[in-house]
Amino acid sequence: MAASLTGLLKPWTPRVLLVRWSRYNPYYLEPEPRKEVYHIPETELTPEQKEERELKSVRPIKAATNSVTSSVFNDPVLSKFVNMMMKDGDKIIAKGIITQTLENMKRKQVEKYHKAPEGKKAETECNPYAIFHQALENCKPVIGLASIQKGGKFYQVPIPLTDDRRRFLAMKWMITECRDNKHRRTLMYEKLSQELLAAFSKEGNVVKRKHELHKMAESNRAYAHYRWW
Amino acid sequence: ILKGQRYIYSTRLSGDSEQHQGQYYTVPPSHFHTVFPHGLPPRYQQQVKTFNEGCVMVRQPALELISHLKRADYSKPTLRYLLYGVKGSGKTMSLCHTVHYCSTQGWLVLHIPDAHLWVKNCKELLPSSYHASRFDQPIQASNWLRNFRTTNENFLSKIKLRQRYVWTKRESTEEGQPLGELVDMGVSRVKSSSDVVGAVLKELRLQAGGTEGGFRLAVAVDGVNGLWGRTTLKKEDKSPVAPEELTLVHNLRKMINNDWCGGAVIATLSQTGSLYAPSSAYLPQELLGEEGFDSMDPFIPVPVSLYSEKEFESCYLYYLDRHWLQHPHSQTEEGKKELIFLSNRNPSVLERLCAFL
């Protein structure tokens, strides 16, 4: 629908102005939060960037959401994780849990670092962001299963997954694992930090779940041709 | 500031020389259990456990206090020092720095970690046996006595009591017995521990300036504005308890009065644990109230400010050195500017920011 409307688009503003709304007229452009882009001097711009700048001077731009910052510490993957942890729109609590998790992971690793002998010091990874990203990578499944109906029966068919879907599955498994399968009295940040550290070293329940999915897909190889896309 | 130069901290630094301002000095690990069983802020204790060492920054308020303590005349009535400042500016840490200095100089340290703990959240409130209208707090008193015993082991056997104390029909502590016995009795007999605290304070007050015993007494109270104000405790008929009606608070107020000599009273204001005080209040007049200000008057106010540029640099380099700032961007100039902007050089806010970066 957007493709047909683009030809008819004119610069218009609706009678009721939409602010903080995720459905915009496709005429609107995305905001650019990063500071480096604006510091490039005029001479060093490539032709595409020059075109973009000219376009931005005529077209309206969408309002930036609250979670997007121009800070150097902004991490889109972490923001996505925070949004997935959020319940009832309470981002403050979700963000607080994530910061406590990062702090907890860093404390455990830095303690290990200071107590380790000289040879092993370089091996302990202390950066909680690196651990988080690596743990998430280790949890991402390579192949997924889809339920396809053929001849009245439903078969679990192995299918390729997009990057977004893989990232979503890894995060979802991590969160559900921490919410359901841990001791009732431990706090969420403690559970998350334990699970992330385990996933970083390829142990733990989430990586096991990924391996089981892979095994199921491998065992159902015969139905792979049921996929038509 | 040259990078890679390990000037920022070293174990040879003693905590009290003026030229080391902004640098960190290390508290020997053995001192942590003896001098600070209960005084340090909880986040700092976590930091000590993580870094496997305890480093305190030498800052201007603590240096000022220490220089006053060095030059004071201890035959005159006690001087009272009051540390005040915005939330998170380092008042408790300055107090702990001074307490550590006092204990290294051989003083007897009476450290009350937080006076607010005595006026709120008390599970057991017993009517006092000594005075009809007062209330005892056995748990808090016995905890404090246990920590007091750990701090001042070597003084307990040297100080002798000058008065006979009768606790019940069968128990009494005679004159001339060492203070250690009194403290042990208070720890074991929890019911009379508040009265034991009162007795201990009275004995120390009498003997502090004495020429023959000759020890100096440092009374360090954190959150002193809790002693004058309101409590959240209620009597059995649901009427509120005033602070004067608590034995511990009554005895501590007598200690803070400057009618004894041979020591110093160092106090800190605290809004964080305070009751019925607005969160923007940090000046002595606002937090102490009229009654408190009149009792503390005259005192020497010591303002504790946020980090200066040099102190911020020092803190930043310390965290870098201890591998605490792990985010790759936090080690660049831009990240540092952002940290200054986000924390406004407030020590506790900076600590919380660097915790997850």
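Residues numbered from 1 in each chain as written. Chains lettered and ligands numbered in written order. Predicted model: local features only at pLDDT ≥ 70, side-chain atom pairs only at ≥ 80, totals over all residues. Heavy atoms only, no water.

As annotated in an unreviewed UniProt entry, chain B carries the name Small ribosomal subunit protein mS29 and comes from Oncorhynchus mykiss. Checking UniProt for chain B, the heading Subcellular location (unreviewed entry) contains the comment "Mitochondrion". Per UniProt, the comment on chain B under Sequence similarities (unreviewed entry) is "Belongs to the mitochondrion-specific ribosomal protein mS29 family." (UniProt positions renumbered as here; feature names shortened; annotations may be inferred.)

By the naming in an unreviewed UniProt entry, chain A is Small ribosomal subunit protein uS7m, taken from Oncorhynchus mykiss. Under the UniProt heading Sequence similarities (unreviewed entry), the entry covering chain A gives this text: "Belongs to the universal ribosomal protein uS7 family." Checking UniProt for chain A, the heading Subcellular location (unreviewed entry) contains the comment "Mitochondrion".

Undergrad: Provide a residue-level description of a nonpolar patch on the surface, including the pertinent values.
TA: On the surface, a cluster of nonpolar side chains totalling about 220 Å² of accessible area is made up of Val86, Tyr282 and Leu283 of chain B. Turning to its location among the elements, Val86 of chain B is positioned in the loop between β4 (79–84) and α4 (91–104). (Patch = residues over 30% accessible without salt bridge, like charges linked within 9 Å, V, L, I, M, F, W, Y side chains within 5 Å. Areas by Shrake-Rupley, 256 points an atom, 1.4 Å probe, with all protein chains shown as cover. Salt bridge = Lys/Arg side-chain N within 4 Å of Asp/Glu carboxyl O. Helix = DSSP H or I, 4+ residues; strand = E, 2+ residues; numbered from the N terminus.)

Undergrad: Go over the sheet that holds strand β11 (residues 263–268) of chain B with me, naming the residues and quoting the values.
TA: All names here are of chain B. If you walk across this open sheet you meet the 5 strands as β5-β10-β11-β4-β12, and the pairing is parallel. Two strands close off the open sheet at either side, each with one partner strand: β5 (108–112) and β12 (300–303). Strand-to-strand twist in this sheet, taken as the mean axis angle between neighbours without regard to direction, amounts to 15°. Across 5 bridges, β4 lies against β11 in parallel orientation. Of the residues in β11, the one forming a bridge with Leu82 is Ala267. (Pairing = 2+ DSSP bridges. Axes fitted to C-alpha atoms, helices over the stretch in contact; angles between N-to-C directions.)

Undergrad: Tell me about the domain arrangement of chain A, and name the residues and values.
TA: Accessible area lost during the coming together of the parts is what is often quoted as the interface size. Domain parsing of chain A yields domain 1 (23–72) and domain 2 (75–226). Each of domain 1 of chain A and domain 2 of chain A has a C-alpha centre, and the two are 33 Å apart. (Domains from an automatic or database assignment.)

Undergrad: Outline the interface of chain A and chain B, listing residues and values.
TA: Taken together, the 18 residues of chain A in the interface contact 24 residues of chain B. Looking only at chain A, the three residues that lose the most surface to chain B are Phe73, Lys106 and Arg107 of chain A, adding up to 34% of its buried area. Counting every contact that joins chain A to chain B gives 2 salt bridges. Put simply, Glu111 of chain A and Lys49 of chain B hold a salt bridge, and the shortest N to O gap is 3.7 Å. (Contact = heavy atoms within 4.5 Å. Buried area = accessible area lost by both parts, 1.4 Å probe.)

Undergrad: Residues and numbers for the layout of surface pockets, please.
TA: Taken as a whole, the second largest pocket spans an internal volume of roughly 890 Å³. Lining the second largest pocket are 34 residues, with Asn66, Ser67, Val68, Thr69 and Asn74 of chain A sitting closest to its centre. Elements supplying a minimum of two residues to the lining of the second largest pocket: α4 (76–85) and α5 (91–115) of chain A together with α12 (333–343) and α13 (347–356) of chain B. With 5 residues, α5 of chain A is the single largest residue contributor to the lining of the second largest pocket. Each residue belonging to the lining of the second largest pocket can be placed in one class, and the counts come to 17 nonpolar, 10 polar and 7 charged. (1 Å grid on protein atoms, 1.4 Å probe; cavity = no way out; pocket = protein on both sides within 12 Å on 5 of 7 lines; lining within 4 Å. Points joined across faces, edges and corners; volume = space filled by probe spheres on them. Nonpolar A, V, L, I, M, F, W, Y, C, P; charged D, E, K, R; others polar.)

Undergrad: Pulling in residues and values, what's your account of the pairing of strand β2 (residues 24–27) of chain B?
TA: Residues and elements named next belong to chain B. Because side chains alternate across β2, one face comprises the buried residues Tyr24 and Thr26, and the other comprises Tyr25 and Val27, equally buried. Relative to strand β3 (residues 54–57), β2 runs antiparallel, the two sharing 4 bridges. Bridged to Tyr24 within β3 is Met57. (Buried < 20%, exposed > 50% of the residue type's maximum accessible area, 1.4 Å probe, protein only.)

Undergrad: Now, about the UniProt feature "domain: Small ribosomal subunit protein uS7" (unreviewed entry) in chain A: what can you tell me, with residues and values included?
TA: Per the UniProt annotation, the sites labelled "domain: Small ribosomal subunit protein uS7" (unreviewed entry) are residues 65–221 of chain A. End C-alpha atoms of residues 65–221 of chain A are separated by 43 Å, and the span's content is 59% helix alongside 10% strand.

Undergrad: Tell me about the packing of aromatic side chains, and please be specific about residues and values.
TA: Residues and elements named next belong to chain B. The final tally for this structure, using the stated rule, is 17 aromatic pairs over all chains. With a centroid separation of 5.4 Å and 80° between ring planes, the pair formed by Phe51 and Trp324 is classed as edge-to-face. On the criterion of sequence distance, the pair formed by Phe51 in helix α2 (residues 42–51) and Trp324 in the loop between α11 (309–321) and α12 is long-range, its members being 273 residues apart. Relative to Phe148, the ring of Trp144 has its centre 5.3 Å away and its plane inclined at 15°; by these criteria the two rings are stacked. Of this pair, Trp144 and Phe148 are both found in helix α5 (residues 138–151), 4 residues apart, which corresponds to roughly one turn of the helix. When sorted by exposure, Trp144 lands in the same class as Phe148, which is buried. (Phe/Tyr/Trp six-rings, centres within 6.5 Å; stacked < 30°, edge-to-face > 60°.)

Undergrad: Please set out the packing of α5 of chain A against α2 of chain B residue by residue, giving values where relevant.
TA: The axes of two packed helices give the description: the angle between them and the distance between them. Following both chains from N to C, one finds α5 of chain A and α2 of chain B inclined at 40°, their axes separated by 8 Å at the closest point. Comparing their axes, α2 of chain B and α5 of chain A come out oblique. Along its contact with α5 of chain A, which presents Glu103, Arg107, Val110, Glu111 and His114 of chain A, the element α2 of chain B presents Arg43, Gln46, Gln47, Lys49, Thr50 and Phe51 of chain B. Classifying every residue of the contact of α5 of chain A with α2 of chain B gives 2 nonpolar, 4 polar and 5 charged. (Parallel < 35°, antiparallel > 145°, perpendicular 65-115°, else oblique.)

Undergrad: Quick rundown of the environment of Asn205 of chain A? Include the residues and the values.
TA: Residues and elements named next belong to chain A. Looking at where Asn205 falls in the secondary structure, it is placed in helix α9 (residues 205–219). Taking relative accessible area as the criterion, Asn205 reaches 34% and is therefore assigned partly exposed. Separated by 95 residues in the primary sequence, Asn205 and Val110 place their C-alpha atoms 24 Å from one another. Once residues within four sequence positions are removed from consideration, Asn205 is found in contact with Glu177 and Glu195. In this structure the side chain of Asn205 is engaged in a polar contact, spanning 3.1 Å, whose partner is the side chain of Glu177. (Polar contact = N/O pair within 3.5 Å; in protein donor to acceptor, adjacent residues only side chain to side chain.)

Undergrad: Quick rundown of the nonpolar core? Include the residues and the values.
TA: Core analysis: the biggest nonpolar cluster contains 57 residues, and Phe148, Leu179, Leu204, Leu217 and Val224 of chain B have the highest contact counts within it. With 6 residues, helix α8 (residues 193–207) of chain B is the single largest residue contributor to this core. Every residue in contact with Leu179 of chain B, bar those within four places of it in the chain, is listed here: Leu156, Ile159, Leu161, Val200, Glu203 and Leu204 of chain B. Counting residues in each nonpolar core, the second largest holds 55 residues, with Ala135 and Met171 of chain A together with Leu353 and Cys354 of chain B among its members. (Core = buried A, V, L, I, M, F, W, Y, C linked by side-chain atoms within 4.5 Å.)

Undergrad: Can you lay out a negative patch on the surface for me, pointing to particular residues and giving the numbers?
TA: There is a patch of like negative charges on the surface, built from Glu48, Glu51, Glu52 and Glu54 of chain A. With respect to the helices and strands, Glu51 of chain A occurs in helix α3 (residues 47–58). (Lys, Arg positive; Asp, Glu negative; His and termini not counted. Charge placed at Lys NZ, Arg CZ, Asp CG, Glu CD.)

Undergrad: Before we move on, could you go through helix α3 (residues 60–71) of chain B and cite the residues and values that matter?
TA: Residue and element names in this part refer to chain B. When the terminal C-alpha atoms of α3 are compared, their 17 Å separation across 12 residues agrees well with the 16 Å that a helix rising 1.5 Å per residue should span. Buried residues of α3: Pro61, Ala62, Leu63, Leu65, Ile66 and Leu69, and no others. On its buried face, α3 is in contact with β4, α4, β11 and β12. (Expected span 1.5 Å × (residues − 1).)

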